[in-house]
Amino acid sequence: MATSPGAVDVEVAPEPGGSCSSGGGSEEDRSEQERLLRRGELLALGNHLKEALETYSAALRLGPPPAGGSRRRLGTLVDCLVLHYRLRQRGRHKACEAAAGSAPEEEEEEEEGHQEEEERGRERGQQREDGAGATAGLFRCCGCRGFPAEPVVVSCGHSYCRRCLREELRAHCRCCGDPLGRAPSVAVVLGHLAEKWFPAECQRARGWRRLGELLGQGQLREAYEAASQALLEDSSDLMLHIYRAEAYAGLGDLKSALDDLNTVTTEMPNWPEVYFRKAKILRNAGSIDDALQLFLHCLALDEAFLPAKIELEKMLCDLLSPENVSERVKESTLNSTHFRSKPFIRNSEMGESFDQLHLNLEPDLKVQQVMPELIGRNLHRTQSAHSLNLTEKIAKDQCLKRVSSEPLLSSQEKSALLKRKLSVSEQDVTVSEDGRNKHKKQGETSKRDAAFSLPCGPAEDLIDASDFECSLCMRLFFHPVTTPCGHTFCKTCLERCLDHTPQCPLCKESLKEYLSNRKYRSTQLLEQLILKYLPAELSERKRINDEEMAECSSLTENVPIFVCTMAYPTVPCPLHVFEPRYRLMIRRSIETGTKQFGMCISDPQNGFADYGCMLYIRHLDYLPDGRSVVDTVGLKRFKVLQRKMKDGYCTADIEYLEDIKVENYGEMKKLQELHDFVYNQACAWFQSLRNKFRSQILQHFGPMPEREENIQMANGPAWCWWLLAVLPVDPRYQLSVLSMSWSSCSICTF
C-alpha cells in the first residue's frame, strides 16, 4: 500500500542492530562492546572511516547494541559518511576540471571566485529571509521553501507548512535549530492572509492534500487518475508528479514512478525529499547500492533530513551486524542491476566473510583528517527522530566500499572545501545529481522557487491593516505571538490574559503547557509582512508603545506600589506573586529595565501607607502555572505624594527620604558611642537566641550586616534596618521609624 508523499513511512521501531533492547552475553562482553562503540564514535568524529567501520563491526559481533546509545553513535557514522560523500563528489569535480586542462592557477582563482559568490549568495539569502525581497521570499515554508497554504507557527516563531511538521520531516528548525515538537494548529491569521492574497495557490494546495488523503486511504488507482488529470491541466506542478510517483510505486509500476521523480529532480535538483523517495523505490526494487547513494545525496543537500538519516542508520546497522549476512542476502545482492553493472568486482570478493568486508578498503588512499566539531555540529538533531520500519535484511560489501572510498584531494583543496561543505542546505547552492556544487550567479532566479510557482506578492487593494489587528486590544500587532491553537495576539495582550486563566482568549483551549514553557516568541512572518506592507502604521504603533513604556519607567511618578508588608533598605524581601495585577506589575518592572517598585503596608483609609521602601528585583523564578517567586532587596525610603491606579494595581507619585547629617563634632561623637553600644547589644542578643530561631532569621533575612565606618549614610547603617526587621515590634512603630529623617538615632535610642 502506498502512502502520502508527506507520510514517509515513519513508525516506531526497535533500535538499529537487532530486536533486543539490550546487548546479550556476559558483563565483560557488554563492557567491551560499550568500549568499542565509544571508540567507533570517536573514530567517526575524527573522520577515520575505515577504522570506524572495523570498530563498529567488532562491537556488533559481541551482540545487539544496548538501547539508547547505538542510535546516537550510528548517527555519528552517518555524518562521517555524508562528509565523505561530499568530499568524493568534490574530488570528482576537481578531477574533471583537471582532465579538461584547467591550470592550477585558474582552479585557485575559480575557487576564490566561488567563495566570493557564495558569500554574496548568503547575503542575498539573508536579505530575502529578512523581508528585503518580494513576498515570495517571505510567504514560504522554512522547511521545504514552498508556499505554505496551511501555515503553522512553531515555538521558535518561524512558520512552516503543516505538511512538513505533520510528517516529521525535521526535528529542529531550519532557521534557528530549536526543537520543532508536534505540529500545532494552522495559524488563523496567516491562513486567512494566504487565502485572501493567493487563492490560486491555496486551491492548488487543497488538491495536493486531497491526493495525500487518497494515498493514505489506499485508493491508489483513484490517486493516480486524479494526479494525471491535474497534470493535464497544469504540467508544471511538480508536486503532482510526486503524488503520482507514489501512486505508481503502490501499483508496482516502479519505472513510471522513477520517471516522475526524475522529472522533478531535473527542475529542482536541490530538493532532498525527492532523492529520499527515489532511494526508497530503488531499495524496494533491490538496488541497494543506488539507494544508499541517494540517501547520502539527500543528506548532502540537507544534513538534518531525518527520514534519510534514520534509514542510513538502520542500513548501516544491518550491514555491520554479522547475523544479518547470509547466502540468501548475498545472492539477492549479486542479482541487483547495479551490482551486475560493476565489472571490476571479483566474484571471490562476495564470497569473503562479512567480518573482512570493511578491511578491503583501498589501501592507497590517504585518510582525510577533519576537525571533530565539523562532523558533530548537528549530531544532536538525530536523537529525537522516530525509526523507519525496514522490511528487508540487507548486507552488501560494495555499498560500504563505495561510500568509504576517500577522495584524492590535496590539503589546499580540502581546506577550501571544508569551509563550504557543512552549510549546503542553508546556502544559495544547487547540487546536481552528479554531486557538483553549482553556485548561482548574482541575480539568478532559483529554479525551485519557479517550480513551486511562488506568488510575487498581493495586489495593493488586498492589503488591509485590519487583517493585522489584535483581537484583544484592537490595535496593530506588536510583537505578535501565535499560540499552539493557531490564534495570534500581541505578546503583552496574551500575557495579561494568561495572568488570569491559562486558556486561549478566543477558543478557550488549554494553554497550560504553553504557559509553563514561557516561550512567547514573535511570529517572524507576521512581523516581516507588517514591516513590508504597513511601515507607517508600525511606526505609529511603536511610538505609542514607547510612550507607554516611558510612563512605566519613571521612578518618581506613577511608581508601581505593591501593597503587602514592611520593607527596609538593604534588607532582603522575598515575595510570592500570584495575583494577576501584581504579575503584570512585576513583568512591567522587568520589561522597562528598572526592576524596581515600591512596597507599602495596607492602610484602611487610604489604601496604603504614606511611607514605604523601594525594592529591587534581584532574581525571578516563574512557576509552571504562572506564579512567581521574586527575590528583592530594599533600596531607598520614600514618601507618597499622590495616589493613583493603573491596570488594577496602585501607583503613586513619590519623593525619596534621606537622614539629616550631624554636623556638630560633639553630637557626632555621642552618636558614634551610642551606635557602637547598641550594635554590641544587638550582636549579643542575636547570639543568645536558640539555634532554631537564629536559623529561621538567617534563612529569611540573611546574616546581620557588619558595622560600617561611616554611620551618616542616606539611609543610615544597614544593621539598624536588619535589626528593626527581625525584632518583634508593632508594625506602626516600624513604619514611624521608616518615615523619620533621624532613623538611625531612633533605632539606637529604642
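As recorded by an unreviewed UniProt entry, the protein chain carries the name LON peptidase N-terminal domain and ring finger 1 and is attributed to Salvator merianae.

A few words on the confidence of the model for the protein chain. The predicted model of the protein chain has a mean per-residue pLDDT of 74, with 71% of residues at 70 or higher. Counting interchain partners and residues more than four positions distant, the pLDDT-below-50 stretch residues 120-136 has 33 contacts. Scored below 50 in pLDDT, residues 325-451 makes 273 contacts in the model with residues more than four places away or belonging to other chains.

Here we take up helix H29 (residues 731-739). Every buried residue belonging to H29 is among Gln 734, Leu 735, Val 737 and Leu 738, and all of these are buried. For H29, the buried positions fall inside an angular range of 160° around the axis, keeping them on one side. The backbone nitrogen of Arg 732 lies 2.8 Å from a side-chain oxygen of the residue at the head of H29, namely Asp 730.

So, about the environment of Arg 707. Within the fold, Arg 707 resides in the loop between helix H27 (691-701) and helix H28 (718-726). A relative accessible area of 38% places Arg 707 in the partly exposed class. With 32 residues separating them in the primary sequence, Arg 707 and His 675 have C-alpha atoms 9.3 Å apart.

This paragraph deals with helix H7 (residues 199-216). Between its terminal C-alpha atoms H7 stretches 26 Å, which fits the 26 Å expected from 18 residues at 1.5 Å a residue. If you check which residues of H7 are buried, you get Cys 202, Ala 205, Trp 208, Leu 211, Gly 212, Leu 214 and Leu 215. If you follow the buried residues of H7, they end up packed against helix H6 (188-197), helix H8 (220-233) and helix H9 (238-251). Looking one or two residues beyond H7, the residue adopting positive phi is Gly 218, at roughly 80°.

This part covers the pairing of strand E9 (residues 596-600). Where burial is concerned, most of E9 is hidden: five out of the five residues are buried. What you see with E9 is no split at all: Gln 596, Gly 598 and Cys 600 on one side and Phe 597 and Met 599 on the other are buried throughout. As paired strands, E9 and strand E12 (residues 611-622) are joined by four bridges and run antiparallel to one another. Considered in E12, the bridge of Gln 596 is made with Tyr 616.

Attention now goes to the nonpolar core. Counting residues in each nonpolar core, the largest one holds 60 residues, and the members touching the most others are Phe 139, Leu 190, Leu 193, Trp 197, Phe 468, Phe 477 and Leu 529. Considering each element in turn, this core owes the most residues, eight residues, to H9. When sequence neighbours within four positions are dropped, the list of residues in contact with Trp 197 reads Phe 139, Pro 458, Leu 462, Ile 463, Phe 468, Leu 529 and Tyr 533. Among the nonpolar cores identified, the runner-up in size contains 41 residues, and Leu 43, Cys 80, Leu 292 and Leu 320 belong to it.

According to UniProt, the feature "domain: RING-type" (unreviewed entry) maps to residues 141-176 and 470-508 in the numbering used here. In residues 141-176, helix accounts for 14% and strand for 17%; the two terminal C-alpha atoms are 14 Å from one another. Structurally, residues 470-508 comprises 26% helix and 15% strand, and the distance from its first C-alpha atom to its last is 17 Å.

Under the defined criterion, the tally for this structure stands at 16 aromatic pairs. With a centroid separation of 5.5 Å and 75° between ring planes, the pair formed by Phe 139 and Phe 198 is classed as edge-to-face. Highlighted residues: Phe 139 in the loop between helix H4 (104-129) and strand E1 (151-153) and Phe 198 in the loop between H6 and H7, separated in sequence by 59 residues. An identical accessibility class is assigned to Phe 139 and Phe 198; each is buried. Aromatic pair Trp 197 and Phe 198: ring centres 6.2 Å apart, planes at 85°, arrangement edge-to-face. Classification of Phe 198 by relative accessible area gives buried; the value is 3%. Cluster of aromatic residues (ring-pair linked, three or more members): Phe 139, Phe 147, Trp 197, Phe 198, Phe 468 and Tyr 533.

Although it is not a glycine, Lys 508 adopts a positive phi angle of roughly 65°. Tracing the sequence through the fold places Lys 508 in the loop between helix H21 (491-500) and helix H22 (512-517). At Arg 518, a position not held by glycine, the phi torsion is positive, near 55°.

The rules behind each value
Residues numbered from 1 in each chain as written. Predicted model: local features only at pLDDT ≥ 70, side-chain atom pairs only at ≥ 80, totals over all residues. Heavy atoms only, no water. pLDDT = per-residue confidence, 0-100. Contact = heavy atoms within 4.5 Å. Buried < 20%, exposed > 50% of the residue type's maximum accessible area, 1.4 Å probe, protein only. Helix = DSSP H or I, 4+ residues; strand = E, 2+ residues; numbered from the N terminus. Arc of directions from axis to C-beta. Polar contact = N/O pair within 3.5 Å; in protein donor to acceptor, adjacent residues only side chain to side chain. Expected span 1.5 Å × (residues − 1). Pairing = 2+ DSSP bridges. Core = buried A, V, L, I, M, F, W, Y, C linked by side-chain atoms within 4.5 Å. UniProt positions renumbered as here; feature names shortened; annotations may be inferred. Phe/Tyr/Trp six-rings, centres within 6.5 Å; stacked < 30°, edge-to-face > 60°.

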